[in-house]
Every structure is written in structure tokens, then in C-alpha cells.
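# Geometric and topological summary
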Amino acid sequence: MADVKILGICGSLRKASLNMAALRACNELLPSGMTMRITSIADLPMFNQDVFDAGLPEPARRLRAEIAEADGVLLACPEYNFSLSGALKNAIDWASRPPNQAWQDKPVAIFSATQGPLGGARVQYDVRRILVQLWAHVLPRPEVFIGMAPSKFDAQGKLTDENTRKFLADLLTGFKPWIERMKVKK
Ligand SMILES: Cc1cc2nc3c(=O)[nH]c(=O)nc-3n(C[C@H](O)[C@H](O)[C@H](O)COP(=O)(O)O)c2cc1C
């Protein structure tokens, strides 16, 4: 059987992002038969329906195509002021407009990493609420909240906390059958 291909998207644009570091760690934790590539949302302009209508900017066209081609999407979500980063919301918006909105029937898994102890408990429910109304299928469990994130990575951004590595591995292991279960018969 062909590998399940997932697309990783990080909602933080900063170079030393802990969410991006955790997303990179996921590459080492994938179950067999699953592959991941990580895309960038840094070059997306701010969503503007006039720009959309005039013709998709290249970064938006690319993102939509990458989501459409992936079997599932893994979102690494920083929490900004109890909710999504502007960058992640902007990426979701660019992919959300018809025709062929890219989130339709797309299996999605999410995790979050924050400086504080809650690990992004609030952002995850906002991401779920947004994606559900776009008919994405968000994996219900396990939930992975990486709290006190700076203490869980070394100076090079390697995820050193064994429990967190196990939580992420469990998320990815659960995501694979979810993708197969949610596959739309065409
Ligand atoms: C604009 C802004 C708002 C933030 N709001 C929250 C918040 O609501 N909850 C929280 O736990 N951390 C918050 N933080 C701290 C982030 O958790 C921390 O900066 C984290 O490292 C961001 O993720 P990153 O490392 O992937 O960039 C905020 C940071 C920024 C820049």
C-alpha cells in the first residue's frame, strides 16, 4: 500500500519556534507507512478577497495545492492571546475559500507548544471550532499540549523530553488510522 502522506504546517514564523522544533521532531516519530513534509506559510500575504478574486498569489496557490494533495495535515499551533496566531488563521483562510476549498474532508491532527504550563489548551479548541465548520475531520484524541516548552528542547531545538516524544508519537500513530477511516470514497 502507498505511504500515507501528511503535510506539516507551523503557525509560528519565528526562526527559533518551539512549535516548528516539535514539528521537526515528528519526522523522527512517524509510524511506518507514513511520511511528512513541512511547508512554510511565511510568504503568504494577508488574506484579501479582492486579491483572491484577481488571481491567487503563488504562495496561496501552492499552499492550497499542498493541502489538497496531502492525505492529512498536521498543525503545530502556537497560542497567541488565548487563540490562533495571525499567521495560522491567515493560512487557514487562504485555503478556505471556494471553489475547491482545501479543508473539505481533510483529516487534520493538531498539537500546540507554549511557554506557559497549559500548553495551548485554549488555541486548540479555537482551531477545532474553525476547522469543523470547513468540514475538516480533526482527530479527537490524543490531545497533545506541550507546556513549559522551553524546558523540553535543547539549545539546537532538539526535543529532549521523552514524555513529549511519546505523546507526539502516539498522536501520529493515532492519526494514520484516522486518515484511513476518514477517506472519502470517490
Ligand atoms: C503575541 C503573543 C501572544 C501570546 N499569548 C500566549 C497565550 O495566550 N498563551 C500562552 O501560553 N502563551 C502565549 N504566548 C507565548 C508563547 O507561548 C511563546 O512565545 C511560544 O514560544 C510561541 O510559540 P513558538 O515558540 O512556536 O513561536 C504569546 C506569545 C506572543 C508572541
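Parameters at a glance
Residues numbered from 1 in each chain as written. Predicted model: local features only at pLDDT ≥ 70, side-chain atom pairs only at ≥ 80, totals over all residues. Heavy atoms only, no water. Salt bridge = Lys/Arg side-chain N within 4 Å of Asp/Glu carboxyl O. Helix = DSSP H or I, 4+ residues; strand = E, 2+ residues; numbered from the N terminus. Buried < 20%, exposed > 50% of the residue type's maximum accessible area, 1.4 Å probe, protein only. Near = heavy atom within 4 Å. Polar contact = N/O pair within 3.5 Å; in protein donor to acceptor, adjacent residues only side chain to side chain. Areas by Shrake-Rupley, 256 points an atom, 1.4 Å probe, with all protein chains shown as cover. Nonpolar A, V, L, I, M, F, W, Y, C, P; charged D, E, K, R; others polar. Pairing = 2+ DSSP bridges. Expected span 1.5 Å × (residues − 1). Contact = heavy atoms within 4.5 Å. Phe/Tyr/Trp six-rings, centres within 6.5 Å; stacked < 30°, edge-to-face > 60°. Core = buried A, V, L, I, M, F, W, Y, C linked by side-chain atoms within 4.5 Å. Disulfide = S-S within 2.5 Å.

On to the pattern of salt bridges, then. Scanning the model with the defined rule gives nine salt bridges in all. Residue Lys166 pairs with Asp170 through a salt bridge whose shortest N-O separation is 2.9 Å. Linking Lys166 with Asp170, this pair stays in helix 6 (residues 162-182), spanning four residues, or about one helical turn. We classify Asp170 as partly exposed; its relative accessible area is 34%. What you see here is one network of salt bridges that share partners, running through Arg37, Asp43, Arg62 and Glu66.

Inspection of the region around the ligand gives 13 residues, with Ser12, Ser17, Glu79, Asn81 and Phe82 positioned closest. Here an oxygen atom of the ligand sits 2.9 Å away from a polar atom, N or O, in the main chain of Leu18. The separation between an oxygen atom of the ligand and a polar side-chain atom of Asn19 is 2.8 Å. Look at the ligand: alone it shows 620 Å² of surface, and the protein chains cover 75% of it. In the shell around the ligand, the residues fall into four nonpolar, six polar and three charged.

Glancing now at unusual backbone geometry. Following Pro98, the chain continues into Pro99 via a peptide bond in cis, with omega recorded as 0°. Residue Pro142 is reached from Arg141 by a cis peptide bond, and omega for that bond is 0°. Its location among the elements puts Pro142 in the loop between strand 5 (137-138) and strand 6 (144-146). The phi torsion at Asn100 lies on the positive side, around 60°, for a residue other than glycine.

On to the pairing of strand 4 (residues 107-113), then. Regular strands place their side chains on alternate faces of the sheet. Buried residues dominate strand 4, accounting for seven of its seven residues. Every second residue of strand 4 is oriented toward a common face, with Pro107, Ala109, Phe111 and Ala113 on one face and Val108, Ile110 and Ser112 on the other, all of them buried. Looking at chain direction, strand 3 (residues 72-77) and strand 4 are connected through five bridges and run parallel. Its bridge partner lying in strand 4, Val73 is registered against Val108.

This brings us to helix 5 (residues 121-132). Helix length check: helix 5 (twelve residues) gives 17 Å between terminal C-alpha atoms against 16 Å at 1.5 Å per residue, within 8%. Val123, Gln124, Asp126, Val127, Arg128, Ile130 and Leu131 are the residues of helix 5 that are buried. Considering only its buried residues, helix 5 is in contact with strand 3, helix 4 (86-96), strand 4, strand 5 and strand 6.

Moving on to the packing of aromatic side chains. Throughout the structure, instances matching the rule amount to three aromatic pairs. A ring pair is formed by Phe52 and Trp94, whose centres lie 6.3 Å apart and whose planes are at 25°; its orientation type is stacked. Of this pair, Phe52 sits in helix 2 (residues 49-54) while Trp94 sits in helix 4; the two residues are 42 residues apart in sequence, bridging distant segments of the chain. For Phe52, a relative accessible area of 11% gives the class buried. Ring-pair connections join several aromatic residues into one group, and the members of that group are Phe47, Phe52 and Trp94.

In terms of nonpolar packing, the biggest core is built from 33 residues, with Ile6, Leu74, Phe111 and Leu168 touching the most fellow members. A per-element tally of this core places helix 6 first, with eight residues. Formed by 30 residues, the second largest nonpolar core is a distinct cluster that contains Leu88, Trp103, Val127 and Ala136.

On to the state of the cysteines, then. Across all of its chains, the model carries zero disulfides by this definition. Looking at the unpaired Cys10, the closest cysteine sulfur is the one in Cys77, lying at 8.5 Å. Under the relative-accessibility criterion, Cys10 is labelled buried at 4%. Residue Cys26 stays outside any disulfide, its sulfur separated by 11 Å from that of Cys10, the closest cysteine. Relative accessible area serves as the criterion here: at 0%, Cys26 is assigned to the buried category.

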